[in-house]
Amino acid sequence: MFYQCPKCKRKWQYPVKKCPDCFEMLEKMNSKTAKVFAVSKISVPSLAHPHVPYFALLLEDEFKNKWAQKSFKEYSVGQSVDYPASADAKTVAIWRIKYDLSEAIEKIIGLIGEPNIKPKSKILIIPALNEPRHPYFKNNTSPDFLEQTILLLINRGAQKENIQIAGQSFNDIPIEACAMKSGLLNVCLKYGIPPLDLSKIPFAKKDDLEISENVFSADIILNLAMLKTGKACASENLFKFLNKKNYLGLKYLYGEKEIFKKIQTVLPEILTLAEADRIQTEEKFVSFLGLAMASRDSLGLDAVFNKIRPGKALPKILADIKMEDVLIAGRQLEESKFDNINI
Ligand SMILES: [Zn+2]
């Protein structure tokens, strides 16, 4: 994405918002094409790019803007670089966040086929909200990620009154404390969307599961996951739709892998938008990855993430996932890897 001053026509590759010369608000240049302008083959590994050979592409759009991109696929000069969307439920979209989170969210949701948002669509959002921690610890969904998702929904025609942002505490800490410290409460208040504590509203009984009734009255459900190394955060976040007592009881009886199998059979379609810009490692450090991902298959998304950034062991819940069943859209898995370097 490039940004242009409507007055002096200067361009930037990052959203500086206002032109420093004219103080005009910059406009987004929505480029549709990317052609290879130049290509270099890299055969010498470096710390951040240990796998060779790969190709450094210099791409050019229809406005003559140029930018660099890594690729494991070889392209020749003049060739188009396209990222076709796929509406297949098994598709996992990967995109690199450059400087603009809104662009990345728009891209990942486009790659898996946007849901049909109408003004009357009831939208239920479940952010990752686990601990009362400041956003820079990357425990919970970032306020920025939630805000850009809300803005995207509003831009697509959704009405604020029909958006619900829900959460539930599965530990002893009140959900209000988590919402406040994570900065998510401020985002809710800014857009006039009252947060919803799922533990305070009725659950519907489905076999031995007790699932929040709101899940079945929503037209579109968004699961905003915050990915962490060595975990299956996107899938685990969906447990929050269960009654806490029911979840703990089933966990004791069968384990999380079995609970997930059960809820998969009763939950409606859920769209996961996952944040992996800066991720928490198993040692609880925060490390750069620079990715955003999306899928209608949260297990597939978690499996792809665990390939991109493997932990010490694969989470049990992902043990049966076959990578050959997963379809990747957007940036390829290999080029998204950022090996275990903590920067
Ligand atoms: Zn200007």
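Everything below is about the structure printed above this text.
Residues numbered from 1 in each chain as written. Predicted model: local features only at pLDDT ≥ 70, side-chain atom pairs only at ≥ 80, totals over all residues. Heavy atoms only, no water.

## A few points about the overall build of the chain
Point 1. Of regular secondary structure, the chain possesses ten helices and 16 strands.
Point 2. Seen through its principal axes, the chain has C-alpha atoms that stretch 60 × 45 × 35 Å.
Point 3. Taking all 343 residues of the chain together, the buried fraction comes to 48%.
Point 4. When the accessible area of the chain is evaluated, it comes to approximately 16800 Å², of which 53% is carbon and sulfur surface.
Point 5. Looking at charge distribution, the chain has the averaged site of its 49 positive side-chain charges lying 3 Å from that of its 41 negative ones. (Helix = DSSP H or I, 4+ residues; strand = E, 2+ residues; numbered from the N terminus. Buried < 20%, exposed > 50% of the residue type's maximum accessible area, 1.4 Å probe, protein only. Areas by Shrake-Rupley, 256 points an atom, 1.4 Å probe, with all protein chains shown as cover. Lys, Arg positive; Asp, Glu negative; His and termini not counted. Charge placed at Lys NZ, Arg CZ, Asp CG, Glu CD.)

## Remarks on the packing of aromatic side chains
Point 1. Per the counting criterion, the structure on display carries eight aromatic pairs.
Point 2. With 5.5 Å between their ring centres and 75 degrees between their planes, Y14 and Y99 make a pair best called edge-to-face. On the criterion of sequence distance, the pair formed by Y14 in the loop between strand 2 (11-12) and strand 3 (27-29) and Y99 in the loop between strand 7 (91-96) and helix 1 (101-111) is long-range, its members being 85 residues apart.
Point 3. Note on Y14: relative accessible area 40%, which makes it partly exposed.
Point 4. Take Y99: its relative accessible area is 47%, and that puts it in the partly exposed class.
Point 5. Ring geometry for F170 versus Y247: centroids 4.7 Å apart, planes at 20 degrees, classification stacked. With a gap of 77 residues between them, F170 in the loop between strand 9 (163-167) and helix 3 (175-181) and Y247 in helix 7 (residues 244-253) connect regions that are remote in the sequence.
Point 6. By relative accessible area, F170 is classed as buried at 19%.
Point 7. The rings of F170, F239, Y247 and F260 are connected pair by pair, giving a single aromatic cluster.
Point 8. Here K66 stacks its cationic end above the ring of F37, 4.6 Å away from the centre of that ring.
Point 9. A cation sits over an aromatic face here: K240 above F170, 5.7 Å from the ring centre. (Phe/Tyr/Trp six-rings, centres within 6.5 Å; stacked < 30°, edge-to-face > 60°. Lys NZ or Arg CZ within 6 Å of the ring centre and 35° of its normal.)

## A closer look at helix 8 (residues 256-266)
Point 1. Here helix 8 has its buried residues at I259, F260 and I263. All buried residues of helix 8 lie within an arc of 100 degrees about the axis, which places them on one face of the element.
Point 2. At its buried positions, helix 8 is contacted by strand 12 (209-212), helix 6 (233-236), helix 7 and helix 9 (298-308). (Arc of directions from axis to C-beta. Contact = heavy atoms within 4.5 Å.)

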